[in-house]
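Geometric and topological summary
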Amino acid sequence: MRFTNKVLAITGAAQGIGRQTAEQAAREGARLLLIDRSRYVHELAATLTANGCDVLALEADLEQWESTERVFADGVAHFGRLDVVINNVGGTIWARPFAEYQPDQIEKEIRRSLFPTLWSCRAALPWMLKQGKGSIVNISSVATAGVNRVPYSAAKGGVNALTRSLALEYSDSGIRINAVAPGGTDAPARLTPRNDEQPTEQEKAWYQQVVDQTVASSLMHRYGTLAEQANAILFLASDEASYITGVTLPVAGGDLG
């Protein structure tokens with residue numbers, strides 16, 4: 001029960017790693033602020049509430065500052081505090097060689113996988129500073145070194161940099177800031193796809209190159225599970241990691257990114 005009476009905000013909570021992390025945190029006593037742009041976040045909240053968890057689910061577009069600021073303020077107004085933030089929004093929209101990306105696609109990849117973390121940290125920090133304590137875990141990726149995802153790699157490299165810099169700025173304020181860098185992770189099909197376009201045969205081949213490189217780069221030569229990612233995230237979020245800050249932890253079977 002590492003999170004008894006603690007308020008955890010989890011972004012991108014409706015599915016995948018975010019959902020798994022929320023479910024595990026609920027079992028450890030957390031009170032949960034679940035944030036997602038998808039209405040499916042309310043279905044997860046209903047399930048967790050039925051199991052006795054104190055949950056507030058809010059919809060927001062975290063690529064935009066105004067909506068990010070609003071949901072964090074609403075969450076603190078509801079719970080009265082904010083102990084942990086897990087910034088999970090992001091993900092490759094297209095997989096292709098860099099020369100094949102269109103300029104607008106590059107901008108969308110950066111907006112999707114960097115700005116939600118940047119804005120959420122900015123929205124959360126004033127509340128944590130008032131408390132004099134807090135923990136932030138940003139979700140990065142070992143795809144900072146990977147094929148056919150250069151804009152995504154650049155965005156996640158930015159997540160690593162902001163994690164280190166924020167940890168330096170706020171280490172004297174009682175706030176720890178770390179990141180987890182997942183490798184390939186087995187997950188159910190997405191409820192809301194990142195890209196509504198039907199892939200061409202060439203695009204399928206480019207994506208297969210991503211899969212092949214991901215497996216080859218892992219010393220264990222496999223994808224991880226959602227629970228393996230959530231375990232690492234919640235460790236860094238918890239007081240068990242009280243002497244750890246400014247770290248990006250690869251969880252990728254030995255692939256360091």
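That block above? That's the structure.
Residues numbered from 1 in each chain as written. Predicted model: local features only at pLDDT ≥ 70, side-chain atom pairs only at ≥ 80, totals over all residues. Heavy atoms only, no water.

1. Remarks on the overall build of the chain
- Looking only at helices and strands, one finds 8 helices and 7 strands in the chain.
- Against the 2.2 N^0.38 benchmark of 18 Å for 257 residues, the chain shows a C-alpha radius of gyration of 17 Å, consistent with a compact globule.
- Each of the three principal axes of the chain carries a C-alpha extent, and together these read 50 × 35 × 35 Å.
- Counting across all 257 residues of the chain, residues that qualify as buried make up 51%.
- Summed over all atoms, the accessible surface of the chain reaches about 11700 Å², with 53% contributed by carbon and sulfur.
- Side chains of the chain carry 24 positive and 28 negative charges; the gap between the two charge centres is 4 Å. (Helix = DSSP H or I, 4+ residues; strand = E, 2+ residues; numbered from the N terminus. Rg over C-alpha atoms; globule rule 2.2 N^0.38 Å. Buried < 20%, exposed > 50% of the residue type's maximum accessible area, 1.4 Å probe, protein only. Areas by Shrake-Rupley, 256 points an atom, 1.4 Å probe, with all protein chains shown as cover. Lys, Arg positive; Asp, Glu negative; His and termini not counted. Charge placed at Lys NZ, Arg CZ, Asp CG, Glu CD.)

2. Observations concerning the sheet that holds strand S4 (residues 84-87)
- Read from one edge to the other, the open sheet built from 7 strands follows the order S3-S2-S1-S4-S5-S6-S7, with strand pairing classed as parallel. Both edges of this open sheet fall to strand S3 (55-59) and strand S7 (248-251), since each of them pairs with a single strand only. Each strand axis lies, on average, 15 degrees off the axis of its neighbour in the sheet, ignoring direction.
- By the bridge criterion, 3 bridges tie strand S1 (residues 7-11) to S4 in an arrangement that is parallel. What sits directly across from Ile-10, in S4, is Ile-86.
- Contacts from helix H2 (residues 40-50) reach strand S2 (31-36) and S3, with the element oriented near 175 degrees to S3.
- Along the sheet face, helix H8 (residues 226-237) touches S1, S4, strand S5 (134-139), strand S6 (175-182) and S7 and points at about 165 degrees away from the line of S6. (Pairing = 2+ DSSP bridges. Axes fitted to C-alpha atoms, helices over the stretch in contact; angles between N-to-C directions. Contact = heavy atoms within 4.5 Å.)

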